[in-house]
Amino acid sequence: MSQHEEQHTQHSIGYGRYILIWLGLLAFTGITVTLAGIDLGRWVIITSLVIASIKSILVLNVFMHLKFEDKMFKIFVLVAVATLVIFISLTFFDYAFY
Amino acid sequence: MTTAATTHTHRDDVGSRMGMWLFLFTELILFGGLFIIYAVYRFKFPEQFSLAARELDTLIGTVNTIILLTSSLTVALSITAIQQGKKHLSMMLIGMTIIFALAFLVNKYFEWSHKISIGIYPQSPELLNKPPGEILYFGLYYVMTGLHALHVIIGMVVLLFSMVFIASGKINQQSYVKLEAGGLYWHLVDIIWIFLFPLFYLIS
């Protein structure tokens, strides 16, 4: 991506788009609170984490402009998140199966 | 639109933003360690965690979630405003973000002081009488929301400086990467809360 294109995309994020994402974030908050009110048992942790992840992706991509950044930024974020996921899942090998 | 001069500035800006992102990854690992502790103890004491979570007020948690999401919106809008050269609008939006941050902290203050008034705080006799899972839950609650609140305070200071820089012209339509970095920090604080909220408030 040339510098010119990047500047162009930076300018193309209007107020409306941000407000739309914000409304989406509020809607997902409503959904996650409502779902927690229903007794879903062990599923509540899965649904909460899925919704929290969707909200984070919206914030990362639009509010934090990740969508419009260089490919390298996206690779970095993926590596960082993957590292954390590996840490957490490997920890469970010590606790879940003993 | 793009002259040689702005192209040059912009190239530096990409590096600055990359630096900010790298810093954010260290923050992710800082909180990540705490999330690992949470995950393990939650796994070991699921019922006691769920019982302890009943002490938390879901309404305050939800209100604070809405406050933080809205503050993320205002800081994102302030960047668009400065890109369009609307200096005062940008400053006003950052001002709103700071007010939202204050509102978040006031809520947090009332929430914590209520907990402390009913005897739930680290090492309190009331808490030590509870089963181990509940002690761990409240320990993690105070450490994780406390560390998060500290980040909110730091974010407020960073945004306050951004406002001063816009007023003095250091941040302007051509050069606004400082504000972008402040915004990135603020959004990270928001994302951390997006995970803290369901894990502490919505598991009862």
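Residues numbered from 1 in each chain as written. Chains lettered and ligands numbered in written order. Predicted model: local features only at pLDDT ≥ 70, side-chain atom pairs only at ≥ 80, totals over all residues. Heavy atoms only, no water.

Draft legend 1. The interface of chain B and chain A, seen in detail. Listed as interface residues are 51 residues of chain B and, on the opposing side, 45 residues of chain A. A combined buried area of about 4,500 Å² lies between chain B and chain A, and 77% of that area is made up of carbon and sulfur atoms. One can count one salt bridge joining chain B with chain A. The tally of links from chain B across to chain A stands at four residue pairs in polar contact (both at pLDDT 80 or more). (Contact = heavy atoms within 4.5 Å. Buried area = accessible area lost by both parts, 1.4 Å probe. Salt bridge = Lys/Arg side-chain N within 4 Å of Asp/Glu carboxyl O. Polar contact = N/O pair within 3.5 Å; in protein donor to acceptor, adjacent residues only side chain to side chain.)

Draft legend 2. The arrangement of a nonpolar patch on the surface in detail. The grouping of Ile86(A), Phe87(A), Leu90(A), Phe93(A) and Ile29(B) at the surface amounts to a nonpolar patch, some 490 Å² of accessible area in total. A total of four residues in the nonpolar patch trace back to one element, the largest contributor, which is helix H4 (residues 71-95) of chain A. Relative to the assigned elements, Ile86(A) resides in helix H4. (Patch = residues over 30% accessible without salt bridge, like charges linked within 9 Å, V, L, I, M, F, W, Y side chains within 5 Å. Areas by Shrake-Rupley, 256 points an atom, 1.4 Å probe, with all protein chains shown as cover. Helix = DSSP H or I, 4+ residues; strand = E, 2+ residues; numbered from the N terminus.)

Draft legend 3. Structural detail: the nonpolar core. Grouped together as the largest cluster of nonpolar side chains are 84 residues, with contacts concentrated most on Phe63(A), Trp21(B), Tyr137(B) and Phe200(B). Of all the elements, helix H7 (residues 177-201) of chain B adds the most residues to this core, at 16 residues. Not counting residues up to four positions away in its chain, the partners in contact with Tyr137(B) are Phe49(B), Ala52(B), Ala53(B), Leu56(B), Phe200(B) and Ile203(B). (Core = buried A, V, L, I, M, F, W, Y, C linked by side-chain atoms within 4.5 Å. Buried < 20%, exposed > 50% of the residue type's maximum accessible area, 1.4 Å probe, protein only.)

Draft legend 4. Broad picture of the packing of aromatic side chains. Residue and element names in this part refer to chain B. Counted according to the given criterion, the structure contains 18 aromatic pairs over all chains. Ring pairing ties together the aromatic residues Tyr38, Phe49, Trp112, Tyr137, Phe138, Tyr141, Tyr142 and Phe200, which thus form one cluster. If you follow Lys178 out to its NZ or CZ, it ends over the ring of Phe165, 5.9 Å from the centre. (Phe/Tyr/Trp six-rings, centres within 6.5 Å; stacked < 30°, edge-to-face > 60°. Lys NZ or Arg CZ within 6 Å of the ring centre and 35° of its normal.)

Draft legend 5. Up close: the side chain of Ser56(A). Along the polypeptide, Ser56(A) turns up in helix H3 (residues 43-63). When residues no more than four places from it in sequence are discounted, the contact partners of Ser56(A) are Ile191(B), Ile194(B) and Phe195(B).

Draft legend 6. The arrangement of helix H6 (residues 132-168) of chain B in detail. An ideal rise of 1.5 Å per residue puts 54 Å on 37 residues; H6(B) measures up with 54 Å between its terminal C-alpha atoms. Where H6(B) terminates, the next one or two residues include Gly169(B), which has phi positive at roughly 90°. (Expected span 1.5 Å × (residues − 1).)

Draft legend 7. Highlighting the pattern of salt bridges. The tally for this structure, following the rule as stated, stands at four salt bridges over all chains. Between Glu69(A) and Arg17(B) there is a salt bridge, with its nearest N and O atoms 2.5 Å apart. With one member in each of two chains, Glu69(A) in the loop between H3 and H4 and Arg17(B) in helix H1 (residues 4-44) form a pair that bridges those chains. Considered together, Glu69(A) and Arg17(B) belong to a single accessibility category, that of buried residues. Of the charged contacts, one joins Glu180(B) and Arg17(B) as a salt bridge, the two residues approaching to 3.2 Å between their closest N and O atoms. In this pair, Glu180(B) sits in helix H7 while Arg17(B) sits in helix H1, placing the two residues 163 residues apart along the sequence. Exposure remark for Glu180(B): the relative accessible area of 4% places this residue in the buried category. Each of Glu69(A), Arg17(B) and Glu180(B) takes part in a single network of salt bridges with overlapping partners.

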